[in-house]
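Here is what each chain is made of, one letter per residue.
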Amino acid sequence: MPSEQAVYLGVDVGATKIIAGLFRPRTQGKKSETAAPPVEALSQAKVRTPKSGKAKDLVAAIADVARLAMEEAGTSSAKLAGAGVAVPGPLDREGGIVRYTPNLGLENYPLAAELSQALGIPIRLENDVQAGVLGELVAGGLRGARNAVGIFLGTGIGGGIVIDGKLYTGSTGSAGEIGHMILLEGGPLCGCGNYGCLEALASRTAMAKDAVALASSGKSLPLFEAAGTDFRKFRSSAFEAALEQGDEAAGRIVDRAGFWLGVGMANLVNILNPEVILLGGGVVSRFGKRLREAAKATMEERLMTGLAATVKVVLSELGDLAVPAGCAIAAEAELEGVKR
Ligand SMILES: [Zn+2]
């Protein structure tokens, strides 16, 4: 089958938005750093995730945004070579079942079958962060890496580990839960029930909780104006705007999150010896540079002599399209047996 002409659909189903993209693999010539990435994005579309908590509304929204992306690329589901849809949380990939998604309200739900029926094509399910790391590995900031770690920061913190050029998924597929490394026993409560996880110290949710404490004491006017004292309203954009206004209180919150991220990264480097760590996710697309500086400095202070020079810390290149691209790449790999 001529994969040059084949087009793949990838969809990232998040707690706040659903993003779909269409992708076409490029035939690769000689491998070089400067060659065009091996997948080309043809279109993308975005909608807000429905808030009803009903599975049928979610399926309808995913199908709608997929159709929008297909329309924009001038194609239809009948012409697609494959399609993948990524969700947060554990899943049964073979059975196409979403086991549990804390933020989407799905539990043991046959999402692949429901979407296949709505769109008229077979759908492959993926874990969102694993798909994001695969996307960056094949077509983004981790291109060419043999040993790497991807850390995605947003509402929570997810991760993916690349060993010898391949995504490492572990014995039951759940490897890379970097957000639940316990860094401060007895620290803030995490969504997983433990105290002091990286996620409870450095996610956007953790920063939002700090911002509420500050805003309610009148210490950060820009943050208070953006979101009041409801921590759910502190989007990454609110922090970005406060940083742009030179608000030092917001800066300290971001630097503290970066500090804990750096402690986690030092542990990962000691255990895995990666050549590169990639930071991605909604937080990073808004104020990744400042976060990276704080995290990198903290990590380097804690690494053994000489080790810091062996690891790069880069930002996501694909941004919002990392997860959809990873879904498309995984769908292609399944169909063509491609091991990129
Ligand atoms: Zn946790």
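Below is a short write-up of the structure. (Residues numbered from 1 in each chain as written. Predicted model: local features only at pLDDT ≥ 70, side-chain atom pairs only at ≥ 80, totals over all residues. Heavy atoms only, no water.)

Further remarks concern the overall build of the protein chain. A tally of helices and strands in the protein chain yields 10 helices and 13 strands. Over its C-alpha atoms the protein chain spans a radius of gyration of 20 Å, differing by no more than 12% from the 20 Å that the globule rule assigns to 340 residues. Seen along its three principal axes, the alpha-carbon backbone of the protein chain occupies a region of about 60 × 50 × 35 Å. Out of the 340 residues in the protein chain, the part that is buried amounts to 51%. Contacts in the protein chain between residues far apart in sequence, at least 24 positions, make up 63% of those at least 6 positions apart. Side chains of the protein chain give 35 positive and 36 negative charges; the mean places of these two sets differ by 1 Å. (Helix = DSSP H or I, 4+ residues; strand = E, 2+ residues; numbered from the N terminus. Rg over C-alpha atoms; globule rule 2.2 N^0.38 Å. Buried < 20%, exposed > 50% of the residue type's maximum accessible area, 1.4 Å probe, protein only. Contact = heavy atoms within 4.5 Å. Lys, Arg positive; Asp, Glu negative; His and termini not counted. Charge placed at Lys NZ, Arg CZ, Asp CG, Glu CD.)

For strand β10 (residues 157–163), a buried count of six out of seven residues is recorded, marking the element as mostly surrounded by other parts of the structure. By the bridge criterion, six bridges tie strand β9 (residues 148–153) to β10 in an arrangement that is antiparallel. Looking at β10, one finds that Ile151 is bridged to Gly159. Here β9 folds back onto β10 in antiparallel fashion, the turn holding three residues. (Pairing = 2+ DSSP bridges.)

Here we take up the coordination of the zinc ion. Working reference: metal with six octahedral donors, ideal angles 90 or 180 degrees; metal with four tetrahedral donors, ideal angle 109.5 degrees. Bound to the zinc ion on the protein side are His180 (ND1), Cys190 (SG), Cys192 (SG) and Cys197 (SG), at distances that span 2.0 to 2.4 Å. Around the zinc ion, the four donor atoms sit at angles spanning 105 to 125 degrees, and that spread fits a shape best called tetrahedral. Read N to C, the donor residues that coordinate the zinc ion are spaced as H-x9-C-x1-C-x4-C. Of this pair, His180 sits in the loop between β11 (166–168) and α4 (198–202) while Cys192 is found in the loop between β11 and α4, placing the two residues 12 residues apart along the sequence. Accessibility expressed as a relative area gives 27% for His180, which makes it partly exposed. (Donors = N, O, S within 2.8 Å, 3.2 Å for Na, K, Ca; no water. Tetrahedral: all angles 85-135°; square planar, octahedral: opposite > 155°, others 65-115°.)

So, on to unusual backbone geometry. Positive phi is not limited to glycine here, since Asn108 has a value of about 45 degrees. Secondary-structure assignment places Asn108 in strand β7 (residues 106–109). Phi is positive for Asn273, which is not a glycine, with a value near 50 degrees.

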